[in-house]
Amino acid sequence: MSVSWQTLADALSLGGIYALMAVGIGLVFGVLRLVNFAYGQLIMAGAYAIAYASVWGWPSWAGILLCFAVVLALTTLLDRVVFRPLRTHSPAVMLVATFAVAFLLQSIAVLAFGQLGTIASSMGSLNQPWDIGGVAIRKIAVVSIVVAAVCLALLQLLLTRTSVGLHMRAASMDFRTARLLGVRANRVIGGAVLISGLLAAVSAVMLTARNPQVTPIFALDDTIVVLAGVVLGGLTRPIPATLGGFTIGFASGILGGALPTNQSQYLPTFLFAAVILVLLVRPNGLFVRGGSAERL
Amino acid sequence: MRKLYELAAPVGLVLATALLGLAVSSALQTYFLDTLVKVAIVVALYVFIGNSGVLSFGHISFVALGVWTAGVLTVPEGQKNAIMPGLAHALLHTNVGNVPSLLLAALAGLVVAFIVGLPLMRLSGLAAGIATFGVLEIVNNVLRYYDKIGPGLNAFSSVPATTGIWQAAVGALICVVIAFAYQRSRFGRQLRATREDPAAASAAGISIYRQRLLAFAVSGALAGLAGGLYVHMLPIEIDSLYLDLTFLTLAMLVVGGSGSLLGAVVGALAIGGLDSFLSAAENGVDLFGWHLNLPTGTAVLAVGALMALILIVRPSGLTGGREFSLAWLRR
């Protein structure tokens, strides 16, 4: 079992992207107690925006702008139409509602864009290798590690240094008490949903660059793995959730590179067996100290 | 057995569906068969999720195991080599009849659910959800690629198509009756107590772990049985027993109202019926003199939109999570 530099860089970058997705899911869970299963479909919509922009011959920056616009519009729409009316209901109902939304968005994509998918060729140049100290590393690996690090640092600043961030952290600790102390529910939830949408758009750009073939099930598998990672790390706090996302992305990158080719199809088995084992030992999350588990 | 009329409502609905299925043409009958099997799956889900209040995403893997067990044991011996070229020797020469294959499918679901439940039922909340999801991933992954035990990515073709309307209806009714008997037994009541208030229930001496494990095993058996019925209905691929079916059946349960057996049956019939009708309409259907011909893909779209809508308007489900009551008639 040998791990090449390319595998390591890929694993790090996958970990970085999954960490971003994990924060996106974790932030919304923090304020709404809502597991947003439709997160992957938001990313899918963004990826289609990039793909179609490239088909129309737009420059790549315009494609990325379109991606942000589409994802943010869709996120806001979801918040208004689905999350808000269901805010007071049980987590199970909200989770199944996001299933329905995911199902819906996916079938819209199948109807509108077809099963086969579209190629986002404008991101192709990011897949060329860079020569770093004699080792060839795909550009996108480096770019996504840097972008993820910058985003996470900005988010950490936002959460710890601004009043919105403080309100958000307070709300995810205990929403009712936070409201009693003057935290505005709509503002905090709106903020969390907005940030989660921004992170979805960033993830969409990164994932499209990694895999330019955009299909209706784009990012679906990634979302499932990230959800497992978020729960693994500890859903209620942003930092454990991020670490969980990073860990599972890194682990799946390393496993994918290290498994012999005739066994690589069993990657999900190994990954989820590990997830189950960790959950049995640390049901509250790998990176959370003490506290009680969320009931569903 | 007081309140037996609570059982009468779901049983009556299943029977009515079966009778309706007998009346229509054989092309439309497929939809009724499919819906009846879905009823069996959703009732299996209900036994665990409805009574315990814990979400499980793993039950479709027990359905898949039922499909696999009944399928691999009933493909005619002469055709096993053609469909499953990598099949292990022991499975190549083992064949059973229709009813034994269904019983073995239920047994497979029971045994695997019990073994999986032994560690997993210690978890609750989201950890339980993700862990059961892991079970789904693993079972799907292994059945899909390990071709020594089954057809892998190919469909289970040549399985005798014995699931007609009666077999499907009897199968669904068996699931309904077992679910009803379970929920009225002391075990079912204890589990429902843990759902309402875990702390009070354990203070009253109920072992949450044991009651959940029992319900998980029972619902695993019913899911396995449903899988057996499924594979005897049409050539099925292991890959179709994965995310889509998991979401669809969970949504059926929640839309019907996850707190009651009636809710499980109503949800499965309502969404199954709507899905079937729209799918049929995609191929053109005559309705009260109107000719309806919908574009392909409308069915999935409409079902998804309707599921979301029902959840927003009526989050406790169509039945509100209550069993049938005579008071409904007096209103």
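Along each chain, numbering runs from 1 in the same order as the chain's sequence is written. Chains carry letters from A onward and ligands carry numbers from 1 onward, assigned in written order. Residue-level local features of this predicted model are given only where pLDDT is at least 70; pairs of side-chain atoms are given and counted only at 80 or more, and the full residue set underlies all totals for whole chains, interfaces and linings. Heavy atoms from the whole structure form the basis of all side-chain values; hydrogens and water molecules are not counted.

K.L.:
Any chance you could explain the overall build of chain B here in plain terms?
P.N.:
A helix here means a DSSP run of H or I that spans at least four residues, while a strand means a run of E at least two residues long, and both kinds are numbered starting from the N terminus. The helix and strand inventory of chain B stands at 15 helices and two strands. Relative to the compact-globule value of 20 Å for 331 residues, chain B shows a C-alpha radius of gyration of 20 Å, a close match. Relative accessibility under 20% of the residue-type maximum defines a buried residue, over 50% an exposed one, and the middle range a partly exposed one, all with a 1.4 Å probe and only protein chains included. Split into buried and exposed, the 331 residues of chain B put 56% on the buried side. Pairs at least 24 apart in sequence give 77% of the contacts found in chain B among residues at least 6 apart. Under the convention used here, a 1.4 Å probe and the Shrake-Rupley method define accessible areas, while residue burial counts only the protein chains that appear. For chain B, the exposed area adds up to about 13000 Å²; of that, 66% sits on carbon and sulfur atoms. Working convention for charge: Lys and Arg count positive, Asp and Glu count negative, and His plus the chain ends are omitted. Note on charges: their place is set at NZ of Lys, CZ of Arg, CG of Asp or CD of Glu. In chain B, the 18 positive side-chain charges and the 14 negative ones have mean positions that sit 17 Å from each other. A radius of gyration in this sense is built from C-alpha atoms; the matching globule rule multiplies 2.2 Å by the number of residues raised to 0.38. We call two residues in contact whenever any of their non-hydrogen atoms come within 4.5 Å of each other.

K.L.:
Looking at this model, I keep getting lost on the overall build of chain A. Mind explaining?
P.N.:
In terms of regular secondary structure, chain A is built from eleven helices and four strands. Here the C-alpha radius of gyration of chain A, 19 Å, is about what a compact globule of 296 residues would show, namely 19 Å. A principal-axis box enclosing the C-alpha atoms of chain A has dimensions of 55 × 45 × 35 Å. Considering only contacts within chain A whose residues lie at least 6 apart along the sequence, 76% involve residues at least 24 apart. Looking at chain A as shown, the accessible area adds up to about 12700 Å², and 67% of this sits on carbon and sulfur atoms. In chain A, which carries 17 positive and 7 negative side-chain charges, the distance between the mean positions of the two groups comes to 13 Å.

K.L.:
Help me understand helix α6 (residues 98-120) of chain B in this model?
P.N.:
Each α-helix winds once per 3.6 residues, and so residues spaced three or four apart point in a common direction. For a helix, the expected span equals 1.5 Å multiplied by the residue count minus one. For α6(B), built from 23 residues, the straight-helix expectation of 33 Å at 1.5 Å per residue is met to within 8% by its first-to-last C-alpha distance of 32 Å. Along α6(B), the residues classified as buried are B:S101, B:L102, B:A105, B:A106, B:A108, B:G109, B:A113, B:V116, B:G117 and B:L120. Those residues of α6(B) hidden inside the fold are in contact with α11 (267-281) of chain A together with α3 (59-74), α7 (125-145), α8 (165-184) and α11 (208-231) of chain B.

K.L.:
What is the right way to look at the packing of aromatic side chains in this model?
P.N.:
Ring geometry is summarised as follows: Phe, Tyr and Trp rings, the Trp one being its six-membered ring, pair when their centres sit within 6.5 Å, and such pairs are stacked at plane angles under 30 degrees, edge-to-face over 60 and tilted between the two. Applying the stated criterion across every chain, the model contains 15 aromatic pairs over all chains. Ring-pair connections join several aromatic residues into one group, and the members of that group are A:F37, A:F99, B:F57, B:F133 and B:F247. Sitting over the face of the ring of B:Y209, B:R122 holds its NZ or CZ atom 4.3 Å from the ring centroid. The lysine or arginine in question, B:R144, covers the ring of B:Y242, its NZ or CZ lying 5.7 Å from the ring centre. Put simply, a charge is over a ring when the Lys NZ or the Arg CZ is close to the ring centre, within 6 Å, and near the line of the ring normal, within 35 degrees.

K.L.:
Teacher, can you tell me more about the confidence of the model for chain B here?
P.N.:
Regions with low pLDDT carry predicted coordinates that are not meant to be interpreted in detail. Residue and element names in this part refer to chain B. One confidence number per residue, pLDDT, is output by the predictor and ranges from 0 to 100. Mean pLDDT over chain B stands at 88; residues scoring 70 or higher make up 96%. By mean pLDDT, the top-scoring element of chain B is α11 (96), and the lowest-scoring one is strand β1 (residues 285-287) (66). Across the whole predicted complex the pTM is 0.89, and at the interface the ipTM reaches 0.86.

K.L.:
I would appreciate a short explanation of helix α8 (residues 185-210) of chain A in the present structure.
P.N.:
Taking 1.5 Å of rise per residue, 26 residues should cover 38 Å, and α8(A) covers 37 Å from first to last C-alpha, within 8% of that figure. Of all 26 residues in α8(A), 20 are buried; the element is thus mostly enclosed.

K.L.:
What should I look at first to understand the nonpolar core in this one?
P.N.:
Side chains of a nonpolar character, in soluble globular proteins, are inclined to be buried together. All names here are of chain B. In this text, buried Ala, Val, Leu, Ile, Met, Phe, Trp, Tyr and Cys residues form a nonpolar core when linked through side-chain atoms within 4.5 Å. Among the nonpolar cores identified, the biggest contains 197 residues, and F156 and L241 are the most heavily contacted of them. With 15 residues, the single largest contributor to this core is helix α2 (residues 26-52). Residues within four places of F156 in sequence aside, it is in contact with V67, W68, G71, V72, V75, M84, P151, V231, P235, I236 and I238.

K.L.:
What is the right way to look at the environment of A:P85 in this model?
P.N.:
Within the element layout of this structure, A:P85 appears in helix α3 (residues 60-86). For the pair formed by A:P85 and A:N36, sequence separation is 49 residues and the distance between their alpha carbons is 15 Å.

K.L.:
Could you clarify how one ought to interpret the side chain of B:Q211 in this entry?
P.N.:
Residue and element names in this part refer to chain B. Examined against the element boundaries, Q211 turns out to sit in helix α11. Overall, the relative accessible area of 9% leaves Q211 in the buried class. Setting aside chain neighbours within four positions, we find Q211 in contact with Y182, F187, Q190, L191 and I206.

K.L.:
Hey, could you run me through the interface of chain B and chain A in this one?
P.N.:
Interfaces are often sized by the accessible area lost when the parts come together. Residue-level contacts link 41 residues of chain B with 41 residues of chain A. Of the roughly 3700 Å² buried between chain B and chain A on both sides combined, carbon and sulfur atoms contribute 81%. Buried area: the sum, over both parts, of the accessible surface (1.4 Å probe) that disappears when the two are put together. Of all residues in chain B, B:L126, B:I130 and B:I312 bury the most surface against chain A, accounting for 17% of the area lost on that side. Salt bridges are defined by distance alone: a side-chain nitrogen of Lys or Arg within 4 Å of a carboxyl oxygen of Asp or Glu. Along the contact surface separating chain B from chain A lie zero salt bridges. Any pair of N or O atoms that falls within 3.5 Å is considered a polar contact. Within protein, one atom must be able to donate a hydrogen and the other to accept it, and sequence-neighbouring residues count only if both atoms are side-chain atoms. Remark: the boundary between chain B and chain A carries four residue pairs in polar contact (both at pLDDT 80 or more). For the side of chain B that touches chain A, the elements supplying multiple residues, two or more each, are α6, α7, α12 (243-256) and α14 (298-313) of chain B.

K.L.:
How should the state of the cysteines be read in this particular structure?
P.N.:
What is meant by a disulfide is a covalent connection between two cysteines, made through their sulfur atoms. Residues and elements named next belong to chain A. Disulfides are defined as cysteine sulfur pairs within 2.5 Å. This model, assessed by the stated rule, comprises zero disulfides over all chains. Cysteine C67 shares no disulfide, and the gap to the nearest cysteine sulfur, in C151, comes to 12 Å. Note on C67: relative accessible area 0%, which makes it buried.

K.L.:
What is the right way to look at the confidence of the model for chain A in this model?
P.N.:
All names here are of chain A. Within chain A, residue pLDDT values average 86, and 96% of them lie at 70 or more. For chain A, strand β2 (residues 129-132) is the element with the lowest average pLDDT, namely 75, and helix α2 (residues 39-55) is the one with the highest, namely 94. Across residues 292-296, where pLDDT falls below 50, the model places 19 contacts with residues more than four positions away in sequence or in other chains.

K.L.:
Help me out: how do you make sense of unusual backbone geometry in this one?
P.N.:
In most cases, non-glycine residues show a negative phi, while peptide bonds are predominantly trans. Residues other than glycine seldom take positive phi values, yet A:A219 does so here, at roughly 70°. Structurally, the position occupied by A:A219 is in the loop between β4 (213-214) and α9 (220-233). For A:A219, a relative accessible area of 6% translates into the label buried. Its identity is not glycine, yet B:S158 carries a phi of approximately 70°, on the positive side. By relative accessible area, which is 29% here, B:S158 ends up partly exposed.

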